[in-house]
Amino acid sequence: MTHDHPAAPDRGASRPFGRLLTAMVTPFTADGSLDLDGAVRLANHLVDEQGNDALVLNGTTGESPTTTDAEKEALIRAVVEAVGDRARIVAGAGTNDTRHTIELAVSAEKAGAHGLLVVTPYYNKPPQSGLLRHFTAVADATGLPIMLYDIPHRAGTAIATETLVKLAEHGRIVAVKDAKGDLTATSWVLSRSDLAYYSGEDSLTLPALAIGAVGVVGTSTHFSGVQTKQMIEAYEAGDSATALSLHRTLLPLYTGIFRTQGVILVKAGLAAKGLPAGPVRPPLVDATADELAQLRADCAAAGLDLPE
């Protein structure tokens, strides 16, 4: 039994950033300053040990609300130099100010990024015509391919199906990180455009693949990258039973990583593994001992070891 659909022969070309992407945390030193050496070590680990095809830098999981523009650029340069020869580096550039977003996009391109992640402008709730104008202006500003980030529960505004289909006409708008949680809406966009869809929710990766998505931009994949990639590859090979088994095995971590804000638990887990992470910046707070103990339990339930 095959899982291919009519577009399947082109599927390889329609994975602009590969299958497995992790939204990388930004390591800080003990005093909260940017840890570029740690970022290089972590990026190497995520690519070489966890099997990531691409890394997303300066996303929310990278604490972009509390890093400066200069820190964002320095992080991109360091990580591109470290792993850019064997992984795609996608830079988060989205803000709720079109002018500032364009500045970040241009800076990321100069720093060597291979693509951009651009979130829906948050809090100011622009109408769909404003979203169309915003994303188009950013796409026009550089030569980089763009992944839109549709996350209405954070942004306050969803990118409507018609808007996504229209944006897909732009040559550099090639993908969507989909955290809308609406598989029907996603299905309609996939049926009417050639956008490459990446699940923005770890636990919805398998159902998203079933309707035509090509991969995931993960958070728990700091720890579950190898197994998540196996799940994606099993599904693509037509082995849905193995994919389903892996999905169910990993579910405790896919959901557990979000018991509190994701970066908090990722940084706690990385520290437990002796990997660079450091503290979070306010207004986030570091994980408690109880939260770390629960993360260990969630990892164990998913068949993954988090050292004491």
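Within every chain, residues take consecutive numbers counted from 1 along the sequence as written. Totals for whole chains, interfaces and linings use all residues, but because this is a predicted model, local features are given only for residues with pLDDT of at least 70 and pairs of side-chain atoms are given and counted only at 80 or more. Computation of side-chain values covers all heavy atoms of the structure but excludes hydrogens and water.

Trainee: Would you mind going over the pattern of salt bridges with me for this structure?
Mentor: A side chain with one charge can pair with a side chain of the opposite charge if their charged atoms come near. Salt-bridge detection follows one rule: a side-chain nitrogen of Lys or Arg within 4 Å of a carboxyl oxygen of Asp or Glu. Counted by the stated rule, this structure contains 15 salt bridges. One salt bridge connects glutamate 169 with lysine 166, and the closest N-O pair in it is separated by 3.5 Å. Take lysine 166: its relative accessible area is 46%, and that puts it in the partly exposed class. Between arginine 259 and aspartate 298 there is a salt bridge, with the nearest N and O atoms lying 2.7 Å from each other. Taken as a pair, arginine 259 in the loop between helix H10 (240-256) and helix H11 (262-272) and aspartate 298 in helix H12 (residues 289-301) lie far apart in primary sequence, 39 residues in all. Three exposure classes are used, based on accessible area relative to the maximum for each residue type with a 1.4 Å probe and protein chains only: buried under 20%, partly exposed in between, and exposed over 50%. Taking relative accessible area as the criterion, aspartate 298 reaches 5% and is therefore assigned buried. A single network of salt bridges, built from pairs that share partners, joins Arg15, Arg19 and Glu236. Under the DSSP-based scheme used, a helix requires at least four consecutive residues in state H or I and a strand at least two consecutive residues in state E, with every element numbered from the N terminus.

Trainee: Help me understand the environment of glutamate 291, please; the structure alone is not making it clear to me.
Mentor: In this structure, glutamate 291 sits in helix H12. Classification of glutamate 291 by relative accessible area gives partly exposed; the value is 28%. For glutamate 291 and alanine 158, which are 133 residues apart along the polypeptide, the C-alpha to C-alpha distance reads 31 Å. Between two residues, a contact is recorded if the distance between any of their heavy atoms is within 4.5 Å. Residues within four places of glutamate 291 in sequence aside, it is in contact with Thr260, Leu265 and Asp286. Within 3.5 Å is the distance limit for a polar contact, defined as a pair of N or O atoms, with the added protein rule that one can donate a hydrogen and the other accept it, and that residues adjacent in sequence qualify only through two side-chain atoms. A distance of 2.9 Å separates the side chain of glutamate 291 from the backbone nitrogen of threonine 288, its partner in a polar contact.

Trainee: What should I look at first to understand the packing of aromatic side chains in this one?
Mentor: For any pair of aromatic rings, the description consists of the separation of the ring centres together with the inter-plane angle of the planes. Centre distance within 6.5 Å is the pairing criterion for rings of Phe, Tyr and Trp, where only the six-membered ring of Trp is used; planes under 30 degrees apart are then read as stacked, over 60 as edge-to-face, and the remainder as tilted. Evaluation of the coordinates by the stated rule reveals 1 aromatic pair. Ring centres 6.4 Å apart and planes at 50 degrees place the aromatic pair phenylalanine 17 and tyrosine 198 in the tilted group. Residue phenylalanine 17 is located in the segment before strand E1 (20-23), and its partner tyrosine 198 is located in strand E7 (residues 196-199); the two are separated by 181 residues in the primary sequence. Phenylalanine 17 sits in the buried class, given a relative accessible area of 1%.

Any functional reading would require information beyond the geometric quantities listed.
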